[in-house]
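The lines below spell out each chain.
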Amino acid sequence: YGDMNWIITGKILALAGPMEGVFPVEEFIEFGKKNKIVAMIRLNRETYDSSIVTNSNINHYEMFIQDGFTPSLIQIETFYKIADAAWNVGAIAVH
């Protein structure tokens, strides 16, 4: 379902980016609410309107990383800050 796996159960979810016709963002939002997803980080190209996520009370972050490259130190620090802020209230989803 949605090509996703918990990296840390109930805290960090890795998934293929939601995409119309494959795994619509609306389906992810249903899953996200049931699993206390409070933040979503997009690492790849845009395949859905992020306002659909934010309008559902899930924080959305853009952190583009070119395929095959490593994130910058600033991106790593930002990721940790997002994960830390979400840790005690829910989970994050990353794609």
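So, here's what we can say about the structure. Fair warning: this is a prediction, and the values are worked out from it, not measured in the lab.

1. Some words on the nonpolar core
One recurring pattern in soluble globular proteins is that nonpolar side chains are buried together.
Here is step 1 of the chain: One finds L13, L15, F28, I37, M40 and A93 to be the most contacted residues of the largest nonpolar core, which totals 15 residues.
Here is step 2 of the chain: Mapped onto this core, the elements with two or more residues apiece are β2 (12-15), α1 (25-34), β3 (37-42) and β5 (91-94).
Here is step 3 of the chain: Element by element, the count of residues in this core is highest for α1, at four residues.
Here is step 4 of the chain: With residues up to four places along the chain from it excluded, the contact list for I37 reads W6, L13, F28, G32, I58, A91, I92 and A93.

2. Some details on the environment of N5
Here is step 1 of the chain: With respect to the helices and strands, N5 occurs in strand β1 (residues 4-8).
Here is step 2 of the chain: Excluding residues within four positions of it along the chain, N5 makes contact with I12, L13 and A14.

Definitions and limits used
- Residues numbered from 1 in each chain as written.
- Predicted model: local features only at pLDDT ≥ 70, side-chain atom pairs only at ≥ 80, totals over all residues.
- Heavy atoms only, no water.
- Core = buried A, V, L, I, M, F, W, Y, C linked by side-chain atoms within 4.5 Å.
- Buried < 20%, exposed > 50% of the residue type's maximum accessible area, 1.4 Å probe, protein only.
- Helix = DSSP H or I, 4+ residues; strand = E, 2+ residues; numbered from the N terminus.
- Contact = heavy atoms within 4.5 Å.

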